[in-house]
Amino acid sequence: MTSPQDFLGFWETTGSAKTFTHPLDPELLRAYLPREARVLDYGCGYGRLTAELAGLGYRAVRGVDVSAALVARGRREHPGLDLMRWAGFPLPFEDGAFDAALLFAVLTCVPRDADQSAIVGELGRLVRPGGVLYLSDVPVQDDTLNRERYAHFAGRYSTYGVFETPDGGVFRHHPPQRLRALVRAAGFGVVAERTGSVATPDGRTAEWLQFIARREGSPVSGARREPGPASG
């Protein structure tokens, strides 16, 4: 999980103890991520999926998150994983440095349009043409609780689907077409989709949307960076 700087305090405190649950889909993994793929797990949190990929035989996986507390937890729980804390963009990797990127339950933690676009745009720079983005996130829900809290917080955040939780988190659920448009703007084309349900960190159940999007054309122009030490 990750969040822009304005919302980072939650993930350095209360949020850093939460358990995340969006599942990897083995069918999508087999179809689109060969085990030799160089994979960036962006918003890796405490390394749950980084560790799962390593356990499945993916040896070139790097996890990056903006939260120092979550990365520290990941290093305790999964010693030996390549986890790095890095705040801001660009990330310290060359254009096209990865064959694939994971973006699991990250955009739901990023309420602002511009911050979401920056994240997906950076992954468009880092995933090589022909590589893939594997995204899992939460679409707008249709149950009474969520409809009420979307309406309650719409004025404060000027976006339907953004809401606060009692423990201080700020989250966003998305119309599916917005998620598709975000990845399309970053140079990806959706090639496969899945839906399902999952337990949320606050003990409820939510529908999820996952898709694989393939990087098209040439890398997005951006700063070329050599791998370097993490910030913080």
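Please read all numbers here as calculations on a predicted model, not as lab measurements.

Thresholds, definitions, all that
Residues numbered from 1 in each chain as written. Predicted model: local features only at pLDDT ≥ 70, side-chain atom pairs only at ≥ 80, totals over all residues. Heavy atoms only, no water. 1 Å grid on protein atoms, 1.4 Å probe; cavity = no way out; pocket = protein on both sides within 12 Å on 5 of 7 lines; lining within 4 Å. Points joined across faces, edges and corners; volume = space filled by probe spheres on them. Helix = DSSP H or I, 4+ residues; strand = E, 2+ residues; numbered from the N terminus. Nonpolar A, V, L, I, M, F, W, Y, C, P; charged D, E, K, R; others polar. Salt bridge = Lys/Arg side-chain N within 4 Å of Asp/Glu carboxyl O. Buried < 20%, exposed > 50% of the residue type's maximum accessible area, 1.4 Å probe, protein only. Pairing = 2+ DSSP bridges. Axes fitted to C-alpha atoms, helices over the stretch in contact; angles between N-to-C directions. Contact = heavy atoms within 4.5 Å. Arc of directions from axis to C-beta. Core = buried A, V, L, I, M, F, W, Y, C linked by side-chain atoms within 4.5 Å.

**Thoughts on the layout of surface pockets**
Turning to step 1, where the next piece is worked out: What the largest pocket holds in volume is close to 380 Å³.
Turning to step 2, where the next piece is worked out: Looking at the largest pocket, it is lined by 27 residues, and the ones nearest its centre are Phe163, His173, Thr200, Pro201 and Asp202.
Turning to step 3, where the next piece is worked out: For the lining of the largest pocket, the secondary structure elements donating two or more residues are α6 (144-157), β8 (188-199) and β9 (205-215).
Turning to step 4, where the next piece is worked out: At 3 residues, α6 tops the list of elements feeding residues into the lining of the largest pocket.
Turning to step 5, where the next piece is worked out: Along the lines of polarity and charge, the residues of the lining of the largest pocket split into 13 nonpolar, 8 polar and 6 charged.

**What to know about the pattern of salt bridges**
Turning to step 1, where the next piece is worked out: Enumeration according to the criterion identifies 15 salt bridges in this entry.
Turning to step 2, where the next piece is worked out: Residues Arg125 and Asp95 are paired through a salt bridge, measuring 2.7 Å at the closest nitrogen-oxygen approach. One end of the pair, Arg125, is in helix α5 (residues 113-126); the other, Asp95, is in the loop between β3 (83-85) and β4 (98-104), and 30 residues separate them in sequence.
Turning to step 3, where the next piece is worked out: With a closest N to O distance of 2.7 Å, Arg156 and Glu164 form a salt bridge.
Turning to step 4, where the next piece is worked out: Judged by relative accessible area, which is 55%, Arg156 ranks as exposed.
Turning to step 5, where the next piece is worked out: When its relative accessible area of 23% is taken as the criterion, Glu164 is described as partly exposed.
Turning to step 6, where the next piece is worked out: Residues joined in a network through salt bridges with shared partners are Asp25, Glu27 and Arg194.

**Things to note about the sheet that holds β4**
Turning to step 1, where the next piece is worked out: Read from one edge of the open sheet, 7 strands run β3-β2-β1-β4-β5-β9-β8, paired in mixed fashion. The open sheet has two edge strands, β3 and β8, and neither has a second partner. Across the sheet, the mean angle from the axis of one strand to that of its neighbour is 20°, orientation sign disregarded.
Turning to step 2, where the next piece is worked out: In terms of strand pairing, β8 meets β9 through 11 bridges, oriented antiparallel. What sits directly across from Val190, in β9, is Ala213.
Turning to step 3, where the next piece is worked out: Contacts from helix α4 (residues 68-77) reach β2 (60-65) and β3, with the element oriented near 160° to β3.
Turning to step 4, where the next piece is worked out: Sitting on the sheet, α5 is in contact with β1 (38-42), β4, β5 (127-137), β8 and β9, with an inclination near 145° to β5.

**Here's the deal with the environment of Ala114**
Turning to step 1, where the next piece is worked out: Within the secondary structure layout, Ala114 lies in helix α5.
Turning to step 2, where the next piece is worked out: We classify Ala114 as exposed; its relative accessible area is 59%.
Turning to step 3, where the next piece is worked out: Separated by 75 residues in sequence, Ala114 and Val39 have C-alpha atoms that sit 25 Å apart.

**Quick word on α4**
Turning to step 1, where the next piece is worked out: What α4 keeps buried is the set Leu70, Val71, Arg73 and Gly74. Projected down its long axis, α4 shows its buried positions confined to an angular sector of 155°, all on one face.
Turning to step 2, where the next piece is worked out: The inward-facing, buried residues of α4 abut α1 (8-12), β2 and β3.

**Remarks on the nonpolar core**
Turning to step 1, where the next piece is worked out: Leu40, Tyr42 and Leu103 are the most contacted members of the largest nonpolar core, which totals 40 residues.
Turning to step 2, where the next piece is worked out: Secondary structure elements with two or more residues in this core: α1, β1, β4, α5, β5, α6, α7 (176-185) and β9.
Turning to step 3, where the next piece is worked out: In contact with Leu103, not counting residues within four places along its chain, are Tyr42, Ile119, Val120, Leu123, Leu133, Tyr134, Leu135 and Ser136.
Turning to step 4, where the next piece is worked out: Leu53, Tyr58, Ala100 and Ile212 belong to the second largest nonpolar core, which has 17 residues in total.

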